[in-house]
Amino acid sequence: MEAKSEVTIKFSGELPTATPAANKKVEIELTDQNGIVFTAQVNAKSWRKAETSASEFADWAGAVSGKLGVRTENGFEIVDAGIQLFEKKAKEVKPDVAAAEAGAS
(Lines give C-alpha, C1' and ligand atoms only; values in the text may rest on other atoms or scores of the structure.)
Protein backbone atom coordinates (compact mmCIF):
# COMPACT_ATOMS: atom_id res chain seq x y z
CA MET A 1 0.00 0.00 0.00
CA GLU A 2 1.26 3.44 -0.90
CA ALA A 3 0.76 6.36 1.48
CA LYS A 4 1.58 10.06 1.59
CA SER A 5 3.33 11.58 4.56
CA GLU A 6 2.42 15.20 5.12
CA VAL A 7 3.28 17.13 8.26
CA THR A 8 2.22 20.42 9.78
CA ILE A 9 4.42 22.00 12.43
CA LYS A 10 2.56 24.67 14.42
CA PHE A 11 4.22 27.53 16.28
CA SER A 12 3.39 30.85 17.91
CA GLY A 13 5.04 33.65 19.84
CA GLU A 14 7.95 34.28 17.52
CA LEU A 15 9.07 33.40 14.03
CA PRO A 16 11.70 30.70 13.63
CA THR A 17 15.25 31.75 12.77
CA ALA A 18 15.77 32.01 9.02
CA THR A 19 18.90 31.84 6.92
CA PRO A 20 19.13 32.57 3.18
CA ALA A 21 19.35 29.50 0.96
CA ALA A 22 19.77 28.83 -2.76
CA ASN A 23 17.07 29.34 -5.41
CA LYS A 24 15.27 32.25 -3.70
CA LYS A 25 14.58 30.15 -0.62
CA VAL A 26 14.97 30.68 3.10
CA GLU A 27 15.89 27.83 5.46
CA ILE A 28 14.11 27.71 8.80
CA GLU A 29 14.43 25.41 11.79
CA LEU A 30 11.72 24.53 14.27
CA THR A 31 12.27 22.43 17.38
CA ASP A 32 9.26 20.61 18.85
CA GLN A 33 8.51 19.83 22.49
CA ASN A 34 10.52 16.59 22.24
CA GLY A 35 13.65 18.29 20.93
CA ILE A 36 13.19 17.05 17.37
CA VAL A 37 14.44 19.62 14.87
CA PHE A 38 12.47 20.13 11.66
CA THR A 39 14.33 21.89 8.84
CA ALA A 40 12.44 23.40 5.93
CA GLN A 41 13.17 25.59 2.94
CA VAL A 42 10.37 28.01 2.08
CA ASN A 43 10.13 30.60 -0.67
CA ALA A 44 11.67 33.92 0.30
CA LYS A 45 8.48 35.68 -0.83
CA SER A 46 6.36 33.53 1.52
CA TRP A 47 8.82 34.22 4.34
CA ARG A 48 8.60 38.00 3.81
CA LYS A 49 4.80 37.74 3.83
CA ALA A 50 4.97 35.80 7.13
CA GLU A 51 7.28 38.45 8.64
CA THR A 52 4.85 41.19 7.59
CA SER A 53 1.87 39.32 9.04
CA ALA A 54 3.73 38.72 12.33
CA SER A 55 4.37 42.45 12.70
CA GLU A 56 0.79 43.42 11.76
CA PHE A 57 -1.13 40.88 13.85
CA ALA A 58 -1.43 41.52 17.58
CA ASP A 59 -1.74 37.80 18.32
CA TRP A 60 -0.96 35.10 15.77
CA ALA A 61 -0.12 31.45 15.20
CA GLY A 62 1.86 29.96 12.36
CA ALA A 63 2.28 26.68 10.57
CA VAL A 64 4.89 25.14 8.32
CA SER A 65 3.57 22.26 6.27
CA GLY A 66 4.96 19.93 3.64
CA LYS A 67 6.03 16.37 3.00
CA LEU A 68 8.05 14.50 5.58
CA GLY A 69 11.56 14.20 4.18
CA VAL A 70 14.67 12.33 5.15
CA ARG A 71 15.87 11.94 8.70
CA THR A 72 18.67 14.32 9.60
CA GLU A 73 21.23 14.16 12.40
CA ASN A 74 18.80 15.60 14.97
CA GLY A 75 15.40 15.57 13.31
CA PHE A 76 13.69 15.60 9.93
CA GLU A 77 13.58 17.59 6.75
CA ILE A 78 10.29 19.01 5.46
CA VAL A 79 10.16 18.89 1.66
CA ASP A 80 8.11 21.30 -0.51
CA ALA A 81 7.40 23.36 2.59
CA GLY A 82 5.09 26.33 2.86
CA ILE A 83 4.53 28.76 5.71
CA GLN A 84 1.36 30.55 6.82
CA LEU A 85 0.49 32.88 9.66
CA PHE A 86 -3.01 33.26 11.03
CA GLU A 87 -4.34 36.03 13.21
CA LYS A 88 -5.78 34.78 16.47
CA LYS A 89 -9.16 36.34 17.01
CA ALA A 90 -10.39 37.04 20.53
CA LYS A 91 -12.99 34.43 21.35
CA GLU A 92 -16.50 35.74 21.81
CA VAL A 93 -17.71 35.20 25.33
CA LYS A 94 -20.91 33.21 25.08
CA PRO A 95 -23.47 34.07 27.76
CA ASP A 96 -24.12 31.20 30.13
CA VAL A 97 -27.53 29.86 29.09
CA ALA A 98 -28.32 28.47 32.55
CA ALA A 99 -27.51 31.78 34.22
CA ALA A 100 -29.64 33.67 31.67
CA GLU A 101 -32.60 31.36 32.29
CA ALA A 102 -32.24 31.62 36.06
CA GLY A 103 -32.16 35.40 35.81
CA ALA A 104 -35.29 35.42 33.65
CA SER A 105 -37.48 33.57 36.19
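Look up a bit, the structure's there.
Description of the structure in this document. Remember, predicted model here, so these are calculated numbers, not experimental data.

Looking now at the packing of aromatic side chains. Scanning all chains against the criterion turns up two aromatic pairs. With 6.1 Å between their ring centres and 80 degrees between their planes, Phe-11 and Trp-60 make a pair best called edge-to-face. One end of the pair, Phe-11, is in strand β1 (residues 6-12); the other, Trp-60, is in strand β5 (residues 60-71), with 49 residues separating them in the sequence. According to the relative accessible area criterion, Phe-11 is buried, its value standing at 10%. Note that Arg-71 overlies the ring of Phe-76, its terminal NZ or CZ placed 5.0 Å from the centroid.

As judged from the four bridges shared by strand β2 (residues 18-21) and strand β3 (residues 25-31), these two strands associate in the antiparallel manner. Pairing of Thr-19 across the sheet is with Glu-27, part of β3. Counting the residues in the hairpin turn of β2 and β3 gives three residues, including Asn-23, whose phi is positive at 60 degrees.

As a further point, take the nonpolar core. General note: in soluble globular proteins, nonpolar side chains tend to be found buried as a group. One finds Phe-11, Ile-28, Val-42, Val-64, Ile-78, Ile-83 and Leu-85 to be the most contacted residues of the largest nonpolar core, which totals 19 residues. Elements with a contribution of two residues or more to this core: β1, β3, β4 (37-43), α1 (44-56), β5 and β6 (75-87).

Take the side chain of Thr-39 next. The topology assignment puts Thr-39 in strand β4. Since its relative accessible area comes to 15%, Thr-39 is described here as buried. Apart from residues no more than four positions distant in its own chain, Thr-39 is found in contact with Glu-27, Ile-28, Glu-29, Phe-76, Glu-77 and Ile-78.

By volume, the largest pocket amounts to about 170 Å³. Around the largest pocket sit Lys-25, Glu-27, Thr-39, Ala-40, Gln-41, Glu-77, Ile-78, Val-79, Asp-80 and Ala-81, which together line it. Of all the secondary structure elements, the ones that give two or more residues to the lining of the largest pocket are β3, β4 and β6. Per-element tally for the lining of the largest pocket: the top contributor is β6, with five residues.

Conventions adopted
Residues numbered from 1 in each chain as written. Predicted model: local features only at pLDDT ≥ 70, side-chain atom pairs only at ≥ 80, totals over all residues. Heavy atoms only, no water. Phe/Tyr/Trp six-rings, centres within 6.5 Å; stacked < 30°, edge-to-face > 60°. Helix = DSSP H or I, 4+ residues; strand = E, 2+ residues; numbered from the N terminus. Buried < 20%, exposed > 50% of the residue type's maximum accessible area, 1.4 Å probe, protein only. Lys NZ or Arg CZ within 6 Å of the ring centre and 35° of its normal. Pairing = 2+ DSSP bridges. Core = buried A, V, L, I, M, F, W, Y, C linked by side-chain atoms within 4.5 Å. Contact = heavy atoms within 4.5 Å. 1 Å grid on protein atoms, 1.4 Å probe; cavity = no way out; pocket = protein on both sides within 12 Å on 5 of 7 lines; lining within 4 Å. Points joined across faces, edges and corners; volume = space filled by probe spheres on them.

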